[in-house]
Structure formats: structure tokens, C-alpha cells
Amino acid sequence: MVLSKYTYVFVIGTFFAMLDAYNNGANDVANAWATSVSSRSISYRQAMVFGTVFEMLGAITVGARTADTIKNGIIPNSAFKGDAGVQMLAFTCALAAASSWVMWCTKHSAHVSSTYSLISAVAGVGVATVGASQVQWGWNNGKGMGAIFAGLGMAPVISAGFAATIFMLIKIVVHLRKNPVPWAVYTAPFWFLIAGTICTLSIVYKGSPNLKLNKKPGWYVASVTMGTGAGVCVLSAIFFVPFIYARIIKKDYTVKWYMFLMGPLLLTRQTPADAQEAKVPNYAVIQEDDDLSNPTSLSDYDPKSEGKDAIAPPVDQEKIAVAAESKQLAYKTQPTYKELMAAGDDKLRQKLLKKRGPLGWAMRTLRDNPMGAGELYEFHNMKIVAKRIPAYVVCGALYGLHYDIHAAQTGHSGTPEGDRMARVYSHAKKYPNEVEHTYSFVQVLTACTASFAHGANDIGNSVGPWAVIYGAWSTGSAAAAKAPVPIWQLAVLSLVISLGLITYGYNIMKVMGNKITYHSPSRGCSMEMGAAITVLLFSQFSLPVSTSMCITGATVGVGLCNGTLKAVNWQRVGLLLLAWLLTIPIAGTLGGVTMGLFLNAPHFSS
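What you see is a predicted model; the values in this text were computed from it and never measured.

### A word on the overall build of the chain
Broken down by element type, the chain carries 22 helices and 0 strands. For the chain, the proportion of its 606 residues judged to be buried stands at 53%. Nonlocal contacts in the chain, meaning residues at least 24 apart in sequence, comprise 81% of its contacts between residues at least 6 apart. Accessible area of the chain: about 26,900 Å², with a carbon and sulfur share of 66%.

Okay, here's the thing in C-alpha cells:
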């Protein structure tokens, strides 16, 4: 390598690039999949699998274009005056500042945009390195700070508009019918047409530098896009409609998932004589079997019931004294907020302790091997630590896969958050499970589309600066930042993004989705299609818009379709907006201060 003396800078930059990618998965990607998990269309574990596959596909096939904006659109290469070492240091500091801020936010379940965190850090580093005059604050042909931050205001609003339009169409065509089930079944191919077209647009219309699809003429793009969407529509009419017809309308509970291959044969299949109701999942957000938010031993006392017996005339003074003593005792034993939260968390731990897999073993190991008396270096404590470390590793890797996302989103019963979410849910109309079941299949396709679009767009956050660092280190030239991003870098960081989603995504997912408004498959697929269209629209112009902001805007847009502002948790929306706004000055200041210290640090003269 030409700049072998700066290998340590490359190593540090690689570490922070991977940390930034990990946070991207744990924060941004978790928010993107929160809609599907919150709607119960897909489980958390299934989201991990689909997320990994489609994030990598999007990143590797079309992810290189948006990386160019991060690399060259904010700090021009000419500003570094050909000094590759300074350029390496600049983007290393930017990655360090952005990843540290997002990691802190993820740890505290504060959802922020990793895209805007990195952009702000790069701008701050640019000010410290070459001065504010050299930073591209304006539009700069769609690649400057002005163009990028325009998405901060436009993306959520545009996404909300797309998502609300799609859901209102579903609502008018299906939900408002007297018998919505047949309408949901027979109109399903239309939604597969839309989802298939969007997915195709992600690959063809956006263009892939590696497949040369971005060089194709307009008629080719239009024909392939519409042809693929129409093909998905026809296939759904042949295989999906008979499958869902037999399962929902004929109420044939013997139909298995793989029987969709039978196609039209399912229409004439004999239905069991005892078929009374369709065997479909329950898509209600709050369900008795998984509600970890009701620690009954602590919530039996109802403060609202006080004073009701005062209306009755006094009969026995002794009974009054006993009642008063009971009320006083109830006040003393009323659980505090911390006790309610701890009780709910303990209920989840008790479930996990009974599991037979690696996580159950790890949690039982931690329970049965507490630290002993004395300091850590005591011999008996050192033996305990040796047993606890593998258990800690297993818990860290697998805990998220068993976390109850829905119970965390709905809030603990008896707490202000739990009461707030109950009020929000009360203003959202609940639609039949048979209807929602139809859209759950569409949402799986739209979720994969959204994940593909995220991989295509947000991989540029981490890979752009890392590509600069690697190019400068390997060639010794600052101009190497204009070279294409290597495929292996896209593949490595997309894997790290998936790792962040799998191991730590639950920490953000628990404060998104149903925490903003009531979710269901028909609502969820509308949100995801609206967000995917917006991301693709911005990505077409090489603008690294935040997928998180798009899906959040789409969530609010669909929530407002309930016809009242009360159907949206505006407190959570306000906290999200505050976190987004704080990201800009904090990440920018961290990046600028770090770069200024390293670049201008006092040192011994030669």
C-alpha cells in the first residue's frame, strides 16, 4: 500500500465504518422493518432473514450510486490539495463522530437518522479541515448540503402523501364495503401489481452500474418494469387468489401454505363439513397470550374506584373504619412506575428462562452464577466470570430474537405510556382478520421492496467514506475518491448492517411502529409502499434521503387516515423530530472538533 505509514488510520476508519453500518442496521433498518413486525405480517426472526437477503441485494446491485454523493458532494476533492493523508483522517473523524452519536442514541432507544448524522459529521469535518467556504452548502447539482437537507422536510411529507393515498384507496375499495372479504381477495392482484412494479423500478429504473441497466433507453425501462409488474399480477391471480379464496371464503382450514402451487384446483377442492370459520392469524396489536404489560399482582388496585362507596349512606361505623384502613393500605401498596416496568420485564425473563435453547441456557447460567463477595479479582469471582462471559455473548446475540416487540410498543398497563397508547388505539378502526390476512402477503413483498430500497440508498452512508479512506490509503492519491466503490466493501458493510438489525434492532423497534399509531397489514403495506416510492424517487437523483424519515412520515400519514389527530401519538412524533433536529448540530460539532484536534494537535518538530 502506498500510504503504509497511515495504515493505523485505515484500520481505525474501517472499525468506525463497520460501527456506523452496525448502527445503521440497528437504528434505520430496524425502523424500516418495525412496520411489518408491528402489523404481525411477519415475525421478528423472519424479518431478520428477509432483511439480510434484500439489504445485500440492494446494496450490491445498486448501492454504489448514492455513495458518490457522500464522498464527493459535500467536500470537493480539490479542497484537500492532493493530500491523501488528510483526506483519510477527515473521513475517519466523520465516521467516528457519526457512529458514536448514533450508537448512543440506539442504546437509549432514541431513533435518529444515520444518513443525516453522517452528512452533518462530514460537513463539520469539512469546516475544520478546509474552512466553511469550501463546504458545498448550496444545491451543487443536487449533491450539496442544501439539496440533501431539503429531503429532511420533503421526504416525510411526500412519503405521508403516497402512503395515505394508497391506504385510502384500500379503504374505499375494500374496508368500507358491507362484505369486505371478497373484495380483499379479488383485488389482491392489483396490489401485487403495484408492489411488483415498485420492486422492479428499484433495480431497472434506478439503474445498476454493475449490470449496466442505467444505460438502457426509456422504452426498455418502461417495458421491463410494467412487464414484470404484470407478470407478478398474473401469477398472483393464478396461484394466490385460489389459495386465499379456499382459506378465507370457503373457510377450508386444511389448506396448507404450500398448496398455493395447486392454483385453480383449490377452487373446486372439497371443503370439510365442519368448516365454520377461516383459520387465519389474529392481527390485533394487543393479545392476551403475549401481553407482558399486565403484571396483575401489581395492578389490581384501581385508583378511579375510590370514593364510589361514599355515595352509599353509612350503615356501620366499624365497616367504614375497615374500608378506610383498606384504602390507606392500598395507597401504600400501589405500585410505582418503576415497579410496573420491572414487573413487565421480569415476566419476559421468566418466559425466557424456561426455554430449552441457547438463550434459555445463557439466562439460567447468569441467574445461577451471581457474583460472589469481594472484588472481581478474587479467585472465586474469576471462576464465575469465566462462566458468565459466554452466557453474556449468547444473550447479546439472541436476546433480540425473543424480545416481545408488541408488549413493549403498547406500554405497560397502569403507566402513562400504556394509557396513552390505549387512547391512540381506541381511535383506529379494527378490520376483520380475514381481510387483513390478505394484505399480510402483500406486505411481505412490500417489506422486501423497502429493504431492497434501503440497501440501495443507505449503504452509501458507511461505504462512501470508507471507500475514500481505502482509495487514499491504497493509491496515495486524494483523487482516488472518484473511483467506483468496490463490490467487496458493499458486501462487507451490508452484512454488518444485517448483524446490527439481528442483534440490536429490537431496541429501536420497540419504540416505533405501534408506538406511533395502530398497525395492521393493510395499513402496513400502504406505509411501506409509500416509503419505498419516496426512497426510490430521491435515490434516482442520487440524494441519500433517510429511509427512517420516509417510513415515519408514511406511518403518520396512514394514522391520519383514521379521521382524527388523536389516532397518532404526537408525543412520540415530537420526540422523533427533536432527535432528528439535534442530530445536525451534535454530529457536526463532534466531527468538526475531532478533526480540528487531530489536524492541529501540537507535536514535536523534526
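The structure having been displayed, the exposition proceeds.
### Quick notes on the packing of aromatic side chains
Two aromatic rings are characterised by how far apart their centres lie and by the angle between their planes. For the structure shown, the criterion picks out 17 aromatic pairs. The structure contains a cluster of three or more aromatic residues connected by ring pairs, namely Phe10, Trp466, Tyr470, Trp473 and Trp488. Of note, Lys430 hangs over the ring of Tyr518, and the distance from its end group to the ring centre comes to 4.7 Å.

### Topic: the packing of helix α5 (residues 114-130) against helix α6 (residues 145-175)
At a minimum axis distance of 11 Å, the contact between α5 and α6 shows a crossing angle of 150 degrees. The angle between α5 and α6 places the two elements in the roughly antiparallel class. Crossing hand, α5 versus α6: left-handed. Residue-level inspection shows Tyr116, Ile119, Ser120 and Ala123 of α5 in contact with α6, the latter providing Met145, Ile148, Phe149, Gly151 and Leu152.

### Points about the nonpolar core
General note: in soluble globular proteins, nonpolar side chains tend to be found buried as a group. Core analysis: the biggest nonpolar cluster contains 79 residues, and Trp33, Ile74, Met88 and Met509 have the highest contact counts within it. Take this core: its biggest share by element is 13 residues, from helix α1 (residues 7-38). Discounting chain neighbours no more than four positions away, the residues touching Trp33 are Ile42, Ala47, Phe50, Gly51, Ala447, Cys448, Ser451, Leu501 and Met509.

### Some details on the side chain of Arg247
Within the secondary structure, Arg247 sits in helix α9 (residues 218-249). As a buried residue without a salt bridge, Arg247 has its nearest oppositely charged side chain in Asp252, at a separation of 8.7 Å. Non-local contacts of Arg247, meaning those with residues more than four positions away in its chain, are made with Asp252, Val255, Lys256, Trp257, Ala278, Lys279, His437 and Phe441.

### Quick notes on the environment of Val53
With respect to the helices and strands, the residue Val53 is situated in helix α2 (residues 44-62). For the pair Val53 and Phe452, spaced 399 residues apart in sequence, the C-alpha to C-alpha distance is 8.6 Å.

### Points about the UniProt feature "transmembrane region" (unreviewed entry) in the chain
Mapped onto this numbering, the UniProt entry annotates "transmembrane region" (unreviewed entry) at residues 44-64, 84-104, 116-135, 147-170, 182-205, 217-246, 487-509 and 573-599. In residues 116-135, helix accounts for 75% and strand for 0%; the two terminal C-alpha atoms are 16 Å from one another. Helix and strand shares over residues 573-599 are 100% and 0% respectively, and the end C-alpha atoms of the span are 39 Å apart.

### Some words on helix α21 (residues 547-560)
The end-to-end C-alpha distance of α21, which contains 14 residues, comes to 20 Å, matching closely the 20 Å that a straight helix rising 1.5 Å per residue would cover. Taking burial as the measure, the 14 residues of α21 include 13 buried ones, the bulk of the element.

### Section: the side chain of Asn369
Note that Asn369 resides in the loop between α13 (358-368) and α14 (379-398). Look at Asn369 and you get buried, because its relative accessible area is 16%. Side-chain polar atoms of Asn369 contact the backbone oxygen of Thr365, separated by 2.8 Å. For Asn369, the residues in contact, after removing those within four places along its chain, are Ile384, Lys387 and Arg388.

### Considerations on the pattern of salt bridges
Per the stated rule, a full pass over the model turns up 2 salt bridges. Across the salt bridge formed by Arg269 and Asp252, the nearest N and O atoms sit 2.7 Å from each other. Residue Arg269 is located in the loop between α9 and α10 (296-299), and its partner Asp252 is located in the loop between α9 and α10; the two are separated by 17 residues in the primary sequence. Classification of Asp252 as buried rests on a relative accessible area of 2%. Here Arg367 and Asp368 are joined by a salt bridge, their closest N and O atoms 2.9 Å apart. Given a relative accessible area of 48%, Arg367 falls into the partly exposed group.

### Things to note about unusual backbone geometry
Working note: non-glycine residues mostly have negative phi, and peptide bonds are mostly trans. You will see that Arg40, though not glycine, has its phi angle at about 65 degrees, which is positive. The phi dihedral of Ser109 falls on the positive side, at around 55 degrees, and the residue is not glycine. Residue placement: Ser109 occurs in the loop between α4 (84-107) and α5. The exposure class assigned to Ser109 is buried, which follows from its relative accessible area of 13%.

### Brief notes about the confidence of the model for the chain
Looking at the chain, pLDDT values average 81 and 83% of them are 70 or higher. Averaged over each element, pLDDT in the chain is lowest for α10 (34) and highest for helix α7 (residues 180-186) (93). Below pLDDT 50 for its whole length, residues 290-315 participates in 36 contacts with residues either more than four positions away or in separate chains.

### A closer look at the packing of α1 against α4
Each pair of packed helices can be summarised by the angle the axes make with each other and by the distance between the axes. It is the contact of α1 with α4, at a shortest axis distance of 8 Å, that shows an interaxial angle of 35 degrees. Two packed elements cross with a definite hand, and for α1 against α4 that hand is left-handed. Between α1 and α4, the contacting residues are Val9, Phe10, Ile12, Gly13, Phe16, Ala17, Leu19, Asp20, Tyr22, Asn23, Ala26 and Asn27 on the first element and Met88, Leu89, Thr92, Leu95, Ala96, Ala98, Ser99, Ser100, Val102, Met103 and Thr106 on the second.

What counts, and where the lines are drawn
Residues numbered from 1 in each chain as written. Predicted model: local features only at pLDDT ≥ 70, side-chain atom pairs only at ≥ 80, totals over all residues. Heavy atoms only, no water. Helix = DSSP H or I, 4+ residues; strand = E, 2+ residues; numbered from the N terminus. Buried < 20%, exposed > 50% of the residue type's maximum accessible area, 1.4 Å probe, protein only. Contact = heavy atoms within 4.5 Å. Areas by Shrake-Rupley, 256 points an atom, 1.4 Å probe, with all protein chains shown as cover. Phe/Tyr/Trp six-rings, centres within 6.5 Å; stacked < 30°, edge-to-face > 60°. Lys NZ or Arg CZ within 6 Å of the ring centre and 35° of its normal. Axes fitted to C-alpha atoms, helices over the stretch in contact; angles between N-to-C directions. Parallel < 35°, antiparallel > 145°, perpendicular 65-115°, else oblique. Left-handed = near helix turned anticlockwise from the far one by under 90°. Core = buried A, V, L, I, M, F, W, Y, C linked by side-chain atoms within 4.5 Å. Lys, Arg positive; Asp, Glu negative; His and termini not counted. Salt bridge = Lys/Arg side-chain N within 4 Å of Asp/Glu carboxyl O. UniProt positions renumbered as here; feature names shortened; annotations may be inferred. Expected span 1.5 Å × (residues − 1). Polar contact = N/O pair within 3.5 Å; in protein donor to acceptor, adjacent residues only side chain to side chain. pLDDT = per-residue confidence, 0-100.

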